[in-house]
Amino acid sequence: MIDLKNLTIKKTLESLQKGEYTSVELVSAYLEQIKKVNADVNAYLEVYEDALVQAKVADEKRATRATSGNAGLDSVNSLLGIPFAIKDNILFAGHRASASSKILEQYVAPYDATVIAMLKEAGAVFIGRVNMDEFAMGGSTENSAYGVTKNPHDLERVSGGSSGGSAATVAMDGALISLGSDTGGSIRQPASYCGVVGLKPTYGRVSRHGLMAMGSSLDVIGPITKTVEDAELVFNAIACVDADRYDSTTLTKKEVEEMTASHNINPEKKPTKLRVGIVPELMNLGGLSNEVKENLDASIELFKKAGYEIKEIAMPNMKYSLAVYYILMPAEVSSNMARFDGVKYGSKVEGADLLQDYLNTRGELLGKEVRKRIMLGTYVLSSGYHDAYYNKANIAKDLIASDFKKAFEEVDVILTPTAPTPAFKIGAHTSDPVAMYLEDIFTVTANLVGVPAISIPSGFAEVDGESAKLPLGIQLMAPHCREDILFVAGKKFEELRG
Ligand code: GLN
């Protein structure tokens, strides 16, 4: 029996290397577990038929390497045999990818996303694709065309979203690692609801080529894992060394170097005395639950114990983030979704003429939330309102970015809760979109500004005197390209929590 619960990448690689089990045995153990729990949780939309074939290839590679005297792992095979789940909006050649939408139910990816190509190179094994909110629009997977993904900690609650399937599958031991995408919190919020780690890298650090676009200026792919170290290892495998020629928004080597150097600290230097910024005014925003407040205070105490300096900082424009996000994101959504017209991609519902084709196809095969965002986006971009909404939101975005610039002159990392509440009950926010959008209040800012952010498990909340304990998470944000600071602070935090 492989103890799936306590696996990490390092432990797994060691065991595979020592021959304690093979990659085929490991993947079989995950497939067994998926059989046991997926019917309840609904994380996987599809387990790939070739998962075991991929595992066999990994075993063969390991065997050849051993006989050629090159048994150690280098960057080419840094994740040899490690099982991954893929969010349903990332392309894996020859396999389905539906973005949890009816319109792409039959769509088969014609090429690999850059991240998938890089992970293949590193030796990863892909077990299957996992559920999400349709086209990544949502925070609970309730907008999936294939049913909600339930929280493995409490099946009456959501797993978060939009990468709810990705977070739930790591929490239920359905894969060691999963890939998610984050436009406004979609990696971090579900990670926090499910008690796992979620990393949103710096915008442009990981290629978006082969990720179905939602808000192109905000989207980024990142890992969901059990530990910060695992998130770091996967980040190292998927971050572009230089700009990806298939994604013009990826950063060049030079840009990464310049950004890294512009915040001049070495977090590895001992004793590490990072400066942690906290934003008191954020704590007064409505909707923050008491458990989350208490948990944040306890987390601050832990950082103090680590010898870190806690500094109160002012972020006067951060309170506009949510409004700015819910203008800019739909604007980009409305243009990105134009390609789903029943002609270029996906299924079609025929009408009497071309216009009726469009209306039928988009009306019947796209869900309500997606259609709502297309309409909102079209509205904020329309000639009469462009200045009032879209342009104004862009001005506010620049102000928020200047808050961050100033803050990072005083601190190395900013600490907030990941979400204002623990996982909510399925259906609780269905009739109240604003309550649903408020769940994103702490996460959207990092996307608007492009900085890296991580959610780390920080304890449990007992809600309404219920016996089930619900996971909570803290969020750390660092300057552009300083994921290393997040990893150092995050590992320290894990260590102190024990
Ligand atoms: N919950 C947010 C939204 O609905 C974030 C989504 C995301 O990051 N993909 O827009």
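The text that follows walks through the structure, step by step, so that each part is easy to find. (Residues numbered from 1 in each chain as written. Predicted model: local features only at pLDDT ≥ 70, side-chain atom pairs only at ≥ 80, totals over all residues. Heavy atoms only, no water.)

This next bit is on unusual backbone geometry. Note that the residue after Gly161, namely Ser162, is joined by a cis bond; omega there is 10°. Among the secondary structure elements, Ser162 is positioned in the loop between strand 5 (154–158) and helix 5 (164–171). One non-glycine residue, Asn42, adopts positive backbone phi at about 60°. Position of Asn42 relative to the elements: it lies in the loop between helix 2 (23–41) and strand 1 (44–47). Phi is positive for Asp173, which is not a glycine, with a value near 60°. By secondary structure assignment, the location of Asp173 is in the loop between helix 5 and strand 6 (177–182). The buried category is assigned to Asp173, whose relative accessible area is 6%. (Helix = DSSP H or I, 4+ residues; strand = E, 2+ residues; numbered from the N terminus. Buried < 20%, exposed > 50% of the residue type's maximum accessible area, 1.4 Å probe, protein only.)

Next up on the list: the packing of helix 9 (residues 290–305) against helix 16 (residues 483–497). Packing of helix 9 against helix 16 leaves a shortest axis separation of 10 Å and a crossing angle of 100°. Taken as axis vectors, helix 9 and helix 16 run roughly perpendicular relative to one another. Along the contact surface, helix 9 presents Ser299, Leu302, Phe303 and Lys305, while helix 16 presents Ala489, Phe493, Leu496 and Arg497. Tallied by class, residues from the contact of helix 9 with helix 16 come to 5 nonpolar, 1 polar and 2 charged. (Axes fitted to C-alpha atoms, helices over the stretch in contact; angles between N-to-C directions. Parallel < 35°, antiparallel > 145°, perpendicular 65-115°, else oblique. Contact = heavy atoms within 4.5 Å. Nonpolar A, V, L, I, M, F, W, Y, C, P; charged D, E, K, R; others polar.)

Looking now at helix 10 (residues 321–336). Here helix 10 is 16 residues long and its end C-alpha atoms lie 22 Å apart, about the 22 Å a rise of 1.5 Å per residue gives. Most of helix 10 is tucked away: 14 of the 16 residues are buried. (Expected span 1.5 Å × (residues − 1).)

Attention shifts here to the state of the cysteines. Inspection of the entire model under this criterion finds 0 disulfides. Free of any disulfide, Cys240 has its nearest cysteine sulfur in Cys481, 11 Å distant. Assessed through its relative accessible area of 6%, Cys240 is described here as buried. (Disulfide = S-S within 2.5 Å.)

Attention now moves to the pattern of salt bridges. Under the counting rule described, the total for this entry stands at 24 salt bridges. Residues Glu232 and Lys491 are paired through a salt bridge, measuring 2.7 Å at the closest nitrogen-oxygen approach. Here Lys491 lies in helix 16 and Glu232 lies in helix 7 (residues 228–238), a separation of 259 residues in the sequence. Here the residues in one salt-bridge network are Lys5, Asp173 and Lys226, joined through shared partners. (Salt bridge = Lys/Arg side-chain N within 4 Å of Asp/Glu carboxyl O.)

Any link to function would need more than the numbers given here.
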